[in-house]
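These are the residues of each chain, in order.
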Amino acid sequence: MAYPFETQSPKQAELSLFKTKLPHITASIQELFRAMSVSYRSIEQKDIFGNYGGLRRDNGFETALNLMWVAMLNDQIIQTDADVLTFISKLRVLCLKWYLFGNSLDSCLFFGYFFYLFYSQSKFIVRDQIRDLKMLIDNDNIVTQDSAIKSLLEPTHSSSWYQSELGIGDKLTNIFISNLDLVKVELPLPGYQITFQHSLQYDLRAPNFISRDLIETPSKKDGKVIISCPSCAQRCRGKLFTHLEMTCPKCSQTWTQRI
Ligand SMILES: [Zn+2]
């Protein structure tokens, strides 16, 4: 079974743009991918109970990760005082892009293992790393406004999520996360942590966390459903189906969602 992000089409034309616009990242991401690929092989082996064999810590992964944060700050795709989640999210977009240029799937699977499945541990490692970097690196706390970089690193998901009986989906992409792959959290912000703990089908297009206020629960009554348009927030009424396609009467945005 293919991982959901594998079906994205590679955009080789963007590779030279990536290399030109993001020189520090281009230099560092290759070593990160190498280290993640090795790390993946170290966790791939499972014991007789099906548990992972654990992560070897001597393969250079954490060093490569640290250098990657430095590269991201130097290429100014992130501000020095950004939070841990933003750092991880930007790295995820970079890794997905790099993968689409024809690089290792194993590296992406390790990314999924480390940043989704073991998020509670990995965020502390990242937090310590970036705290130290903030003292060392001065990027003027600026994020580049270069439009080519922005389009290269555009978000992989929307902020319009819906709740269905079986999970949570993105109205504007086909990202869908089963309830079994989510953990409900209340603090510091109510929402859902995406862990992929059940399926292990990491979707690198998905964020680590979805805040509850971004998730709409549809109102259902008498065979009808009312849901909001992801573009203009117009409340739209339609017939109730398990999979429905809606066109907004106000702005003509179409989208699909499960009920
Ligand atoms: Zn609309």
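As shown above, the structure is provided for reference.
Treat the numbers as computed from the prediction; the structure is a model and nothing was measured.

Rules used throughout
- For every chain, the first residue of its written sequence is number 1, and the numbers climb from 1 along that sequence.
- This being a predicted model, a pLDDT of at least 70 is required before a residue's local features are given, and a value of 80 or more before pairs of side-chain atoms are given or counted; all residues contribute to the totals for chains, interfaces and linings.
- For the purposes of this entry, the term helix denotes a DSSP run of H or I that reaches at least four residues, the term strand denotes a run of E that reaches at least two, and both are numbered from the N terminus.
- For the radius of gyration, the atoms used are the C-alpha atoms, and the globule rule reads 2.2 Å times the number of residues raised to 0.38.
- Working definition of a contact: two residues with C-beta atoms, positioned from the backbone, lying within 7 Å.
- By this definition, two strands are paired if DSSP reports at least two bridges between them.
- Helix axes are fitted to C-alpha atoms over the stretch in contact, other axes to C-alpha atoms as well, and angles between N-to-C directions run from 0 to 180 degrees.
- Note on terminology: angles under 35 degrees are roughly parallel, angles over 145 are roughly antiparallel, angles of 65 to 115 are roughly perpendicular, and the others are oblique.
- Handedness of a crossing follows from how the near helix is turned relative to the far one, being left-handed for an anticlockwise turn of less than a right angle and right-handed for a clockwise one.
- Amino acids are sorted into nonpolar (Ala, Val, Leu, Ile, Met, Phe, Trp, Tyr, Cys and Pro), charged (Asp, Glu, Lys and Arg) and polar (every other residue, Gly among them).
- As used here, a nonpolar core is made of buried Ala, Val, Leu, Ile, Met, Phe, Trp, Tyr and Cys residues. They are joined through C-beta atoms within 7 Å.
- The exposure label follows from counting other C-beta atoms within 10 Å of a residue's C-beta, where the C-beta atoms are placed from the backbone and the thresholds are 20 or more for buried and 12 or fewer for exposed, leaving partly exposed in between.
- Where each domain begins and ends follows an automated or database-derived domain assignment.

**Section: the overall build of the protein**
When its secondary structure is counted, the protein shows seven helices and twelve strands. Here the protein has a C-alpha radius of gyration of 20 Å; the compact-globule value for 259 residues is 18 Å, and the two agree. In terms of its C-alpha atoms, the protein occupies a principal-axis envelope of roughly 60 × 50 × 35 Å. Intrachain contacts of the protein at a sequence separation of at least 6 include 54% that bridge at least 24 residues.

**Notes on the pairing of strand β5 (residues 191–194)**
Direction of pairing for strand β4 (residues 182–185) relative to β5: antiparallel, over a ladder of four bridges. Along β5, the bridge assignment pairs V183 with Q193.

**Describing the sheet that holds strand β8 (residues 219–221)**
In space, the three strands of this open sheet follow the order β8-β9-β10, with antiparallel pairing throughout. Two strands lie at the open edges of the sheet, namely β8 and β10 (235–239), each paired on one side alone. Here the average twist between neighbouring strands, direction ignored, is 25°. Sheet topology places strand β9 (residues 224–228) next to β10; five bridges connect them, and they run antiparallel. When the sheet's bridge partners are listed, V225 is paired in β10 with G238.

**A short note on the packing of helix α3 (residues 61–74) against helix α6 (residues 119–136)**
Any two packed helices are characterised by the angle at which their axes cross and by the distance between the axes. Where α3 contacts α6, the two axes come as close as 10 Å, and the packing angle between them is 50°. Looking at the two axes, α3 sits oblique to α6. Where α3 crosses over α6, the handedness of that crossing is right-handed. Along its contact with α3, which presents E62, L65, N66, W69, V70 and L73, the element α6 presents I125, Q129, I130 and L133. For the contact of α3 with α6, the class distribution of residues is seven nonpolar, two polar and one charged.

**Focus on the nonpolar core**
Membership of the largest hydrophobic core comes to 52 residues, with the highest contact counts inside it found for L32, M36, M68, M72, C95 and F111. Elements supplying a minimum of two residues to this core: α2 (23–44), α3, α4 (84–100), α5 (105–117), α6, β1 (161–163) and β5. Structurally, this core is a two-domain feature, drawing no fewer than three residues from each of domain 1 (4–152) and domain 2 (161–258). Aside from chain neighbours lying at most four places away, what touches M72 is I25, I77, I78 and K90.

So far we have only geometry, and geometry alone does not tell us how the molecule works.
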